[in-house]
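In case you want the letters, here they are:
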Amino acid sequence: MMKQSIKLFSALAFIVMSAFTFVACGDDDGPSGGGGSNSNILGSWTLTEVTPANSQGGPGVGTVMTFYANGKFTSNGDEGTFTYDNDSKAFSAKIGTVTISGTVNISGSRANAAVTVTTGGQSMSYTYTMEKNGSSSGGDDSGDDDDEVNVNSTKMVGTWEVMMDDDPDYPLVGQSITFKKNGTCTISNSNETFTYTCDEELKDGYTRLRFTISNGASGKLVLVSEGNVLNGEYKKSSSSDYLSIVMKKSSYTYPTGGIKGRWKMTQCSVSGAPVGGVMVFGNNNELYTEGDPHIDSYTYSGNTLSMDFGEMKFSGTVNISGNTATFSGDGMTATLQKQ
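Because the structure is predicted, anything quoted here is derived from the model rather than measured.

Engineer: Any chance you could explain the overall build of the protein chain here in plain terms?
Structural biologist: Each helix and strand in the protein chain was counted, giving 1 helix and 24 strands. Relative to its 339 residues, the protein chain shows a buried fraction of 48%. Contacts in the protein chain between residues far apart in sequence, at least 24 positions, make up 48% of those at least 6 positions apart. Surface exposure of the protein chain reaches about 14,500 Å², of which carbon and sulfur atoms provide 46%.

Okay, structure coming up:
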């Protein structure tokens, strides 16, 4: 299956954008992550507007982010460092090889940010609107059990909504699972607290996570949709068969427009095609089938759709009418239903 080289940029941009959103707050003095007064951005913020919408899979509307007085920020379990100056409104942040710079202007409990994300020689510009949550004082990112990192990878940390689970006995669809940095996790329909481990690897440009939970579940998931979706499979201790599962961050909204979004394949002339499965045409030409830890790619222009499945490639005409799309090309016909 083909990789998407831009995926790394997207995943990092997601964290990066999280940083931007935090950047706005009252008018105060205090320690900063880089030597200036950063007290105005400290605390928790909710993202209310993003422009361009869904570009590079940045944080979706509803994402909650927090800035700390020690120069760290967190968003859905991701961590980075930042600097902000109350007077000049200048903001900068860094995560891995990604750098962010721009300005954040604050008016009451609302903040407007304009930033540029740069990585690998590529730069993109974004604007954000954020609303302040509660107190303006930031924490120190220490002392809380939930802040103690006790897992090898924190990319699974956060609250995830289960979109797909083909367990015939106890499906979790509609439930939420919360993974904490301290290695514990909870399921919304259960009073129990479990422990878990999480390790990661970079394969074909995508982060793949392998996890085990003390309730007997273990599996492998690929981080897709710019880090907003965990897609893959798991098995229970009582089963030797792998089950498909998809979890998305509660703040994430799937892209729409043209072929973008989630489509169920109801018919296909090619043997072995995932008929009955849900295919997601995401940002950055990312194509994946829910419950399958493989990532493919696509291009879409006008009414021409090309899908690259590695060993198989199909290019043809796609016609979209309401919630139905029909594809024909390279000996393949298929019908998709919008989800």
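Engineer: For this particular structure, what's the right way to read the confidence of the model for the protein chain?
Structural biologist: As a general rule, the predicted coordinates of low-pLDDT regions are not to be interpreted in detail. Per-residue confidence for the protein chain gives a mean pLDDT of 81, with 81% of residues at or over 70. Element-level mean pLDDT values for the protein chain span from 43 in helix H1 (residues 7-22) up to 98 in strand S23 (residues 324-329). Scored below 50 in pLDDT, residues 1-35 makes 152 contacts in the model with residues more than four places away or belonging to other chains. Confidence drops under pLDDT 50 across residues 135-146; counting only partners more than four residues distant or on other chains, this segment forms 24 contacts.

Engineer: Hey, could you run me through the side chain of Lys132 in this one?
Structural biologist: Note on placement: Lys132 falls in strand S8 (residues 122-133). Engagement of the side chain of Lys132 in a polar contact is seen with the backbone oxygen of Leu42, the distance being 3.1 Å.

Engineer: For this particular structure, what's the right way to read the pairing of strand S12 (residues 193-203)?
Structural biologist: In the case of a regular strand, side chains alternate between the two sheet surfaces. Note that strand S11 (residues 184-187) and S12 share 3 bridges and pair antiparallel. In the strand pairing of S12, Cys185 is matched with Phe194. Inspection of the sheet shows S12 paired to strand S13 (residues 206-213) by 8 bridges, in the antiparallel sense. Paired with Cys198 across the bridge in S13 is Phe211. Joining the antiparallel neighbours S12 and S13 is a turn of 2 residues, in which Asp204 adopts a positive phi near 55 degrees.

Engineer: I keep staring at the environment of Tyr126 and nothing clicks. Help me out?
Structural biologist: Within the fold, Tyr126 resides in strand S8. Look at Tyr126 and you get buried, because its relative accessible area is 2%. A sequence separation of 75 residues divides Tyr126 from Thr51, and the C-alpha atoms of the two residues are 5.8 Å apart.

Engineer: Where do I start with the sheet that holds strand S9 (residues 158-165) in this structure?
Structural biologist: Pairing is antiparallel in the closed barrel, where 8 strands are placed in the order S9-S10-S11-S12-S13-S14-S15-S16. In this sheet, adjacent strand axes meet at a mean angle of 35 degrees when their direction is disregarded.

Engineer: Just checking my understanding: could you explain the pattern of salt bridges for this structure?
Structural biologist: Opposite charge on two side chains makes pairing possible when the charged atoms of those side chains draw close. This structure, assessed with the given rule, holds 7 salt bridges. Between Glu233 and Lys220 there is a salt bridge, with the nearest N and O atoms lying 3.8 Å from each other. You can see Glu233 sitting in strand S15 (residues 229-235) and its partner Lys220 sitting in strand S14 (residues 218-224), a full 13 residues away along the chain. Residue Lys220 is classed as partly exposed on the basis of its relative accessible area, which comes to 30%.

Engineer: I tried to follow the packing of aromatic side chains on my own but got confused; where do I start?
Structural biologist: Within a pair of aromatic rings, the relevant descriptors are the distance that separates the centres and the angle that separates the planes. Summed over all chains, the structure comprises 6 aromatic pairs. Here the aromatic rings of Phe82 and Phe91 are separated by 6.5 Å at their centres, their planes lie at 25 degrees, and the arrangement is stacked. Phe91 sits in the buried class, given a relative accessible area of 2%. A centroid spacing of 5.0 Å and a plane angle of 90 degrees characterise the contact between Phe281 and Tyr298, whose relative ring orientation is edge-to-face.

Engineer: Explain the environment of Gly219 to me, please; I cannot follow it from the model alone.
Structural biologist: Secondary-structure assignment places Gly219 in strand S14. Ignoring sequence-local partners within four residues, the contact set of Gly219 consists of Leu209, Arg210, Phe211, Glu233 and Tyr234.

Engineer: Just checking my understanding: could you explain the sheet that holds strand S24 (residues 332-338) for this structure?
Structural biologist: Strand pairing in a sheet takes place through backbone hydrogen bonds and is either antiparallel or parallel in direction. Taken together, the 8 strands give a closed barrel; going around it, the order is S17-S18-S19-S20-S21-S22-S23-S24, and neighbouring strands pair in antiparallel fashion. If you compare each strand with its neighbour and ignore which way they point, the axes differ by 35 degrees on average. Pairing of S23 with S24, which is carried by 6 bridges, proceeds in the antiparallel orientation. Paired with Thr324 across the strands is Gln337, a residue of S24.

Engineer: Would you mind showing me how to read unusual backbone geometry here?
Structural biologist: Among all residues except glycine, the phi angle is most often negative; among peptide bonds, the trans geometry is most common. We note that Asp204 has phi near 55 degrees; this positive angle belongs to a residue other than glycine. Phi at Glu226 takes a positive value of approximately 55 degrees, unusual for a residue other than glycine. Relative to the helices and strands, Glu226 resides in the loop between S14 and S15. Overall, the relative accessible area of 1% leaves Glu226 in the buried class.

About the criteria used
- Residues numbered from 1 in each chain as written.
- Predicted model: local features only at pLDDT ≥ 70, side-chain atom pairs only at ≥ 80, totals over all residues.
- Heavy atoms only, no water.
- Helix = DSSP H or I, 4+ residues; strand = E, 2+ residues; numbered from the N terminus.
- Buried < 20%, exposed > 50% of the residue type's maximum accessible area, 1.4 Å probe, protein only.
- Contact = heavy atoms within 4.5 Å.
- Areas by Shrake-Rupley, 256 points an atom, 1.4 Å probe, with all protein chains shown as cover.
- pLDDT = per-residue confidence, 0-100.
- Polar contact = N/O pair within 3.5 Å; in protein donor to acceptor, adjacent residues only side chain to side chain.
- Pairing = 2+ DSSP bridges.
- Axes fitted to C-alpha atoms, helices over the stretch in contact; angles between N-to-C directions.
- Salt bridge = Lys/Arg side-chain N within 4 Å of Asp/Glu carboxyl O.
- Phe/Tyr/Trp six-rings, centres within 6.5 Å; stacked < 30°, edge-to-face > 60°.

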